[in-house]
Amino acid sequence: MERLKAIIQYDGTHYAGYQIQPNGNTVQAEMEKALSKMHKGRKVKVTASGRTDSGVHALGQVIHFDTDLNIPVGNWKRALSSMLPQDIYVSSVEQVGRDFHARYDAKGKEYRYFIWNDQEPNIFKRHYRYHIKADLDVASMQQACKYIEGEHDFTSFCSPRTDIKGDKIRLIHEASVHKEGEELVFVFRGSGFLYNMVRILVGTLVEVGRHDRDPGEIPMIIEAKEREAAGKTAPPQGLFLWEVFYDGD
């Protein structure tokens, strides 16, 4: 048996999230289905760095699985991708030690969130961008981002439906937003993220951009440790799991 680590991309539009569940197809189910075919019907469990919600996308999701197939590691990318639907793609595969764990060995993650900020919609990006017609004050949102950076208890930015046990303290290395034409790009890089954390952060920053909140309110929202203190949860389609970091990255 050898353990393989793979980086996968997926368009989450037509999936009920990454993780297998009773209702709706998932990315994990498609991965395991493809691997089962390759292993002549035997079930192969896939472990990911974390789950993503329905409608959320990934450019750099990391998974691992064990196999006894005698396939050169260089052939796995093509072989596995050919068994998957067109909205899931394996971008790299490498052999790792048997003690590697996609989830527990992850040292950090980067998420990006995209907003189409224009009066007119872009129907070709509707599954990948949150459309906001109103002008957003980018400078104010950039100012608010500075308060997000650092180590904080992010309870206010976590869905109450979370199953996370223990504290909700996370270290955010970067929180930023910049404009590219009609698009706003939010970047969040940190040690880890809570359930719906990035989408709640974006929803709150949008309220700052609309001048419904002051940038200086962010520390008070963090201090409150109450979900009701923060803004609305931004919709899923603008969110991408961009990269997962491990020792040596």
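Coordinates for the structure precede this section.
Residues numbered from 1 in each chain as written. Predicted model: local features only at pLDDT ≥ 70, side-chain atom pairs only at ≥ 80, totals over all residues. Heavy atoms only, no water.

## Let's talk about the packing of aromatic side chains
Threshold: A pair of Phe, Tyr and Trp rings is counted when the ring centres sit within 6.5 Å of each other, with Trp represented by its six-membered ring. The angle between the planes then sorts it: under 30 degrees is stacked, over 60 is edge-to-face, the rest tilted. We count a stretch as a helix when DSSP gives it H or I for four or more residues in a row; a strand needs E for two or more, and each element gets its number in order from the N terminus. With a 1.4 Å probe rolled over the protein chains alone, any residue whose accessible area is under 20% of its type maximum counts as buried; one over 50% counts as exposed, and the rest are partly exposed. Either the NZ atom of lysine or the CZ atom of arginine qualifies as a charge over a ring when it sits within 6 Å of the ring centre and within 35 degrees of the ring normal.
Applying the stated criterion across every chain yields a total of nine aromatic pairs. A ring pair is formed by Tyr111 and Phe193, whose centres lie 5.1 Å apart and whose planes are at 80 degrees; its orientation type is edge-to-face. Of this pair, Tyr111 sits in strand E5 (residues 108-117) while Phe193 sits in the loop between strand E9 (183-190) and helix H4 (197-209); the two residues are 82 residues apart in sequence, bridging distant segments of the chain. Note on Tyr111: relative accessible area 9%, which makes it buried. Through successive ring pairs, a cluster of aromatic residues spans Phe114, Phe240 and Trp242. Here Arg51 stacks its cationic end above the ring of Tyr195, 5.8 Å away from the centre of that ring.

## Thoughts on the pairing of strand E8 (residues 169-180)
Note the threshold: Two strands are counted as paired when DSSP detects at least two bridges linking them.
Across four bridges, the pairing between strand E7 (residues 150-153) and E8 is antiparallel. Bridge pairing links His152 to Arg170 in E8. When E8 meets E9, the two strands line up antiparallel, connected through eight bridges. Across the sheet, residue Ser176 finds its bridge partner in E9, namely Val187.

## Concerning the pattern of salt bridges
As a reminder of what qualifies: A pairing counts as a salt bridge when a side-chain nitrogen of Lys or Arg comes within 4 Å of a carboxyl oxygen of Asp or Glu.
Applying the stated rule across the entire model yields 14 salt bridges. Taking the shortest distance from any N to any O, the salt bridge between Glu30 and Lys33 comes out at 3.5 Å. A residue pair is termed a helical-turn pair when its members lie 3 or 4 positions apart in one helix, as Glu30 and Lys33 do in helix H1 (residues 27-38) at three residues. The class for Lys33 is partly exposed, based on a relative accessible area of 44%. Note that Asp66 is salt-bridged to Arg98, the shortest N-O span being 3.3 Å. Here Asp66, found in strand E3 (residues 57-67), pairs with Arg98, found in the loop between strand E4 (88-96) and E5; they are 32 residues apart in sequence, far enough to count as distant.

## Details of the state of the cysteines
Basically, it comes down to this: Two cysteine sulfurs form what is called a disulfide whenever their separation falls within 2.5 Å.
As enumerated under the stated definition, the model contains zero disulfides in all. Free of any disulfide, Cys145 has its nearest cysteine sulfur in Cys158, 19 Å distant.

## Quick word on unusual backbone geometry
For His211, which is not a glycine, the phi torsion comes out positive at approximately 70 degrees. Its identity as a non-glycine residue notwithstanding, Lys225 has a phi of 55 degrees, on the positive side. Turning to its location among the elements, Lys225 is positioned in the loop between helix H5 (218-224) and strand E10 (239-245).

## Re the packing of helix H3 (residues 138-148) against H4
Condition: Axis lines are fitted to C-alpha atoms, over the contacting stretch for helices. Their N-to-C directions set the angle, which ranges from 0 to 180 degrees. These descriptions rest on fixed angle ranges, namely under 35 degrees for roughly parallel, over 145 for roughly antiparallel, 65 to 115 for roughly perpendicular, and the rest for oblique. Note: crossing handedness is left-handed where the near helix turns anticlockwise from the far helix by less than a right angle, and right-handed where it turns clockwise. It only takes one pair of heavy atoms within 4.5 Å for two residues to be counted as in contact. Each residue gets one of three labels, nonpolar for Ala, Val, Leu, Ile, Met, Phe, Trp, Tyr, Cys and Pro, charged for Asp, Glu, Lys and Arg, and polar for the others, Gly among them.
Contact pair H3 / H4: the axes reach a minimum separation of 8 Å and the direction vectors enclose 140 degrees. One element, H3, and the other, H4, form an angle in the oblique class. Between H3 and H4 lies a crossing of right-handed hand. Contacts from Ser140, Met141, Ala144, Cys145 and Ile148 of H3 reach H4 at Leu201, Leu205, Val206, Val208 and Gly209. In the contact of H3 with H4, the residues fall into eight nonpolar, two polar and no charged.

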